[in-house]
Amino acid sequence: MNRTFISQLGPEVLGKAVMVEGWVHEIKRLKSVDFIMIRDKTGIAQVTVKKDSPLKGFNLESLNRESVLKVKGLVPEKQISRNMIEIAATDIEILNRSAAPLPLPVAENIESDLETRLNNRFLDLRRHENYSIFEVKSSLLWGIRTFLHSQGFIEVNTPKVVASSTEGGADLFKVKYFEMDAYLNQSPQLYKEILISSGFERVFEVGPAFRAEKHNTTHHLNEFTSVDIEMGFSDHEDAMLMLEGAVKSGIENVVKSSTRPSTSSSTSLNVPEIPFPRIEYSRCLELVQAAGEKIEFGSDFSPEQLRIIGDSYPGFYFITKWPSELRPFYTMVDPDDETLSNSFDLQFREREITSGAQRVHDPEMLRNRFLKKGLKPADFDFYLNSFLYGMPPHAGWGLGLERLTMILLDLKNIRETSLFPRDRTRIVP
Ligand code: AMO
């Protein structure tokens, strides 16, 4: 007999024999009947075991919660409960037993602190609301991937053990690589640009990015998933169009494929309208100053100042034309005003989701940008070389997948969106 997922137990199985597999969610013992709530990733069903007709080889006495069962039974025509389907067991096989007591409750509606939950993440993830987060993250990524493929991008994979920094030296994890010093990649920036010189024209990558940021916040991880694109013969405006298309397509796919009510209850799960507003950095500066904050041109916004800006733009919006000195060496300066750059961030309220820009493609200009940032061009030879023999103008962006998942589901801590988060103090599990 084939397995039926619990969510598939609809009107068409009434009066029929089924086989389900899952975990013991709860056990309830009454006088003449026992109930076992069985849970798979799609739902919970109620298995009834009559005491006057014992099942061969099955003894409920020694069964702990979270044990793994295979249940065969009949689905009665007349169902007692409206929100949980009942199966009258004819055979129960214990596939594996769970130890007791559980280090973390799965069934009860008990709030455990995040530390305890993350220490016992394998159990924590059994909760349907947690599975839903990863279902959303997966659908989001699928929607983004599909969109990028439709726009002529191919997915690539670049090295994660690298020889140099891309986003600033302080946030690098140093690793030993045989006799050499190496680092964990902060972003695929340099490699995705090199591929534009290689004639790939449109590439994207979904991969881990490592940042040795020392602060422990609710929206930083030390390892996160970066969704990156790079496109040749393009500028920052083209990259912004691609970004809003990708975000919209990702959210559309989440809305379309959401299977459980808990995912659709989120406040932000409306497909956003594009184009997103484009607000210049200087306008944001004015907004913040008008609210009484002290900030000069050239400074980055503090969390509180981003909140002020976010209050004026409640959904997705771009902050464009950032001061050149605030952006990394690879960012193209604005040809009309070299204090500014052809760069953007995508924000959702006060939260940054993506950074992007048109890049410098002239090798001489790039060398000068390195020097201006106090970096040695010689350390970046492998990258600079690819600019010497025909590098097209190009642009791209990097999107934090956990950040986007977090804001879509209105979660308070980014760790909720990472299966096994890496933060300042956690590398296990
Ligand atoms: P940036 O450093 O702004 O840009 O990173 C891009 C996006 O990645 C996410 N992000 C993080 N998410 C969780 N934890 C962190 N510690 C973290 N750091 C960054 C954010 C951010 O917007 N190379 C450029 C992108 C480009 O220009 O193509 C870059 O990495 O959502």
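Heads up: the structure comes first, above all this text.
An account of the accompanying structure is given in this report. (Residues numbered from 1 in each chain as written. Predicted model: local features only at pLDDT ≥ 70, side-chain atom pairs only at ≥ 80, totals over all residues. Heavy atoms only, no water.)

## Looking at helix α4 (residues 189–197)
Burial analysis of α4 places 7 of its 9 residues in the buried class, which makes it a mostly covered element. Every buried residue belonging to α4 is among Gln189, Leu190, Lys192, Glu193, Ile194, Leu195 and Ile196, and all of these are buried. Residues of α4 that are buried make contact with β10 (202–210), β11 (223–232), α10 (381–384) and β18 (394–400). Immediately downstream of α4, the backbone of Gly199 shows phi near 85°, a positive value. (Buried < 20%, exposed > 50% of the residue type's maximum accessible area, 1.4 Å probe, protein only. Helix = DSSP H or I, 4+ residues; strand = E, 2+ residues; numbered from the N terminus. Contact = heavy atoms within 4.5 Å.)

## Brief notes about the site of the ligand
Taken together, 24 residues are adjacent to the ligand, and Gln189, Glu213, Glu352, Ile353 and Ser355 come closest. At 2.7 Å from an oxygen atom of the ligand is found a side-chain nitrogen or oxygen belonging to Arg359. Here the ligand loses 93% of its free accessible area of 630 Å² to cover by the protein chains. Elements with a contribution of two residues or more to the shell around the ligand: α4, β11, β17 (351–358) and β18. Ranked by residues supplied to the shell around the ligand, first place goes to β17 with 5 residues. Considering only residue class, the shell around the ligand consists of 6 nonpolar, 10 polar and 8 charged. (Near = heavy atom within 4 Å. Polar contact = N/O pair within 3.5 Å; in protein donor to acceptor, adjacent residues only side chain to side chain. Areas by Shrake-Rupley, 256 points an atom, 1.4 Å probe, with all protein chains shown as cover. Nonpolar A, V, L, I, M, F, W, Y, C, P; charged D, E, K, R; others polar.)

## So, a nonpolar patch on the surface
On the surface, Val161, Tyr177, Phe178 and Met180 cluster together into a nonpolar patch covering about 430 Å² of accessible area. Position of Val161 among the secondary structure elements: in strand β7 (residues 161–162). (Patch = residues over 30% accessible without salt bridge, like charges linked within 9 Å, V, L, I, M, F, W, Y side chains within 5 Å. Salt bridge = Lys/Arg side-chain N within 4 Å of Asp/Glu carboxyl O.)

## Things to note about the pairing of β18
In regular strands, side chains alternate between the two faces of the sheet. Counting buried positions over the 7 residues of β18 gives 7, a clear majority of the element. Bridge count for β11 against β18 is 7 bridges, and the pairing is antiparallel. Bridge pairing in β18 places Ser226 opposite Gly400. Sheet topology note: the β17/β18 ladder contains 5 bridges and is antiparallel. Looking at β18, one finds that Ala357 is bridged to Gly396. (Pairing = 2+ DSSP bridges.)

## Describing the side chain of Gln186
Tracing the chain through its elements places Gln186 in the loop between β9 (180–184) and α4. Side chain to side chain, Gln186 and Ser165 meet in a polar contact 3.2 Å long.

## Details of the sheet that holds strand β16 (residues 343–348)
Taken in spatial order, the 8 strands make up an open sheet running β6-β10-β11-β18-β17-β16-β13-β12, and their pairing is mixed. The sheet terminates laterally at β6 (154–155) and β12 (278–280), the two strands that pair on one side only. Relative to β11, β10 runs antiparallel, the two being bridged by 9 bridges. Among the inter-strand pairings, Phe210 is bridged to a residue of β11, identified as Glu223.

## Quick word on helix α7 (residues 281–290)
Among the residues of α7, those classed as buried are Tyr281, Cys284, Leu285, Leu287 and Val288. Along the axis of α7, the buried positions cluster into a sector of 160°, meaning they face one direction only. Of the surrounding secondary structure, the elements contacted by the buried residues of α7 are β12, α8 (303–312) and β13 (316–320). Phi turns positive one or two residues past the end of α7, at Gly292, with a value near 95°. (Arc of directions from axis to C-beta.)

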